[in-house]
Structures are given as C-alpha cells and as structure tokens.
Amino acid sequence: MSSASCWPNPSGRHWPRAQRPRNGPRAFPGGLSPQEPSFPRSRCGLGLCEVAAAPVAHAPAHRHLGRVKLTLRARGAAPPDTVWQRYVQPALWPTWAPQIRSVDTEPELRAGMRGRLLPVAGPTVRFVVTAVDHEDRTWSWRVQTGPVRMQLWHAVRPCEGSATTTELHIEGPLFVVAAYAPLAKRALRHLVRP
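What counts, and where the lines are drawn
- Residues numbered from 1 in each chain as written.
- Predicted model: local features only at pLDDT ≥ 70, side-chain atom pairs only at ≥ 80, totals over all residues.
- Heavy atoms only, no water.
- Buried < 20%, exposed > 50% of the residue type's maximum accessible area, 1.4 Å probe, protein only.
- Helix = DSSP H or I, 4+ residues; strand = E, 2+ residues; numbered from the N terminus.
- Pairing = 2+ DSSP bridges.
- Salt bridge = Lys/Arg side-chain N within 4 Å of Asp/Glu carboxyl O.
- Polar contact = N/O pair within 3.5 Å; in protein donor to acceptor, adjacent residues only side chain to side chain.

### Some words on the pairing of strand β6 (residues 114-119)
Burial along β6 is one-sided: G115, L117 and P119 are buried, and none of R114, R116 and L118, which face the opposite way, are. With 4 bridges connecting them, strand β5 (residues 100-104) and β6 associate as antiparallel partners. Considered in β6, the bridge of D104 is made with R116. Examined bridge by bridge, β6 and strand β7 (residues 125-133) share 4 bridges and lie antiparallel to one another. Within β7, the position partnered with L117 by the bridge is V125.

Set out below in structure tokens:
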C-alpha cells in the first residue's frame, strides 16, 4: 500500500484510506489521537499503554459537548487467567483499580448484574453488566452517575509466553472520558502486573 493511500496511526502502522475517519485527525485533551476503526484480537507488540480516541459519529446533535470513543491498552507479565479472574470477581476491583474504594454487587461477573461503585473521590457510580464471554475473556457494562453515562468494553488477550494484553474501549462525553483516561490507564497497568 502506497503512502498516498494510507495515513499513520499512533502505533506507527497505517490505516487504509477507506478506514480513515472522514474528517481526518482531531485534537482532544491530553493529546489523544484518532481511534482505530476496528479493534484487533491481539496486539502484543505494543508498549505498556496505548491511547486512541475519536468522535462518535452517531452522537445525538443536542449533546453539544459531543461523545467520543477512547481505546486504552496495557501489557504485563500476569497470566491471562489471573487477569481475567481479577475482572470476574468484583470484590477484587479495588486491589488493581486505585480509584475504586468498594463495590456493592454480586460475587461473580455475569450479564445483567447490577451494582454500585464507591469511588475514592466523587459520587457513587451505578452500573449494569451488559455482556460477559468467559471463553473469549471479554465483558461490557454501562455506568452512570447523575446524568452522565458511559459504556465500557473490556478484553483480556494472551501474548507471547505468559504475558497479557488488556484492552478497554470507552464511549462517553468528551470531558468525562478525558478526565477518566489517566485513572483508567493506571488501573490497567496494575491489572496486568504479576
């Protein structure tokens, strides 16, 4: 593929012209860059954490601040089964996510599960788990605090040896996603540590 028909993404690889966002790159707080149009099943060649973001084309016009999608990835030496168990048992979330003080919900992750997160700072966050796939090690949920809503999708992927890559895709209001990104990056790094 010639350089005229593609453009670089944050990882240095190129996207085909047909997949590039229609309006080209956009700047977001914190230096976030356009999101990849699709999410590969495994990308073990990444550094510790990769960030990408893009506007959500189907966001309702009346939401003047807009919504964005953000992708975070982290790689670590913890085995995939260990990382997945840290997700599956909500009681363990505060051990790797420093922003969470406690979780009030069922003992094991399942689709339809509802609960509340008590953060270290800020109001209580209500959530509902929308999907869980234990075989593929993926799950998704919706979170809400007051009028603010976000959707999150998680995946755990094996890498070479016993290493693991974890992915987090977030969709929500720009200002909330931008504020949450540093906390999420830190949590993902802890999640994949041995």
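### Here we look at the pattern of salt bridges
As enumerated under the stated definition, the model contains 7 salt bridges in all. Across the pair R73 and E167 runs a salt bridge, and its minimum N-O distance is 3.5 Å. Highlighted residues: R73 in strand β4 (residues 67-76) and E167 in strand β10 (residues 164-173), separated in sequence by 94 residues. Take R73 and E167: they sit in the same class, and that class is buried. R116 is the salt-bridge partner of D104, the closest N and O atoms lying 3.1 Å from each other. With D104 in strand β5 and R116 in strand β6, this residue pair connects regions lying 12 residues apart in the sequence. Owing to a relative accessible area of 45%, R116 belongs among the partly exposed residues under this scheme.

### Examining the side chain of R67
Mapping R67 onto the fold places it in strand β4. Among the polar contacts made by the side chain of R67, one reaches the main-chain carbonyl oxygen of R149 at a distance of 3.4 Å.

Distances and angles like these do not, on their own, reveal function.
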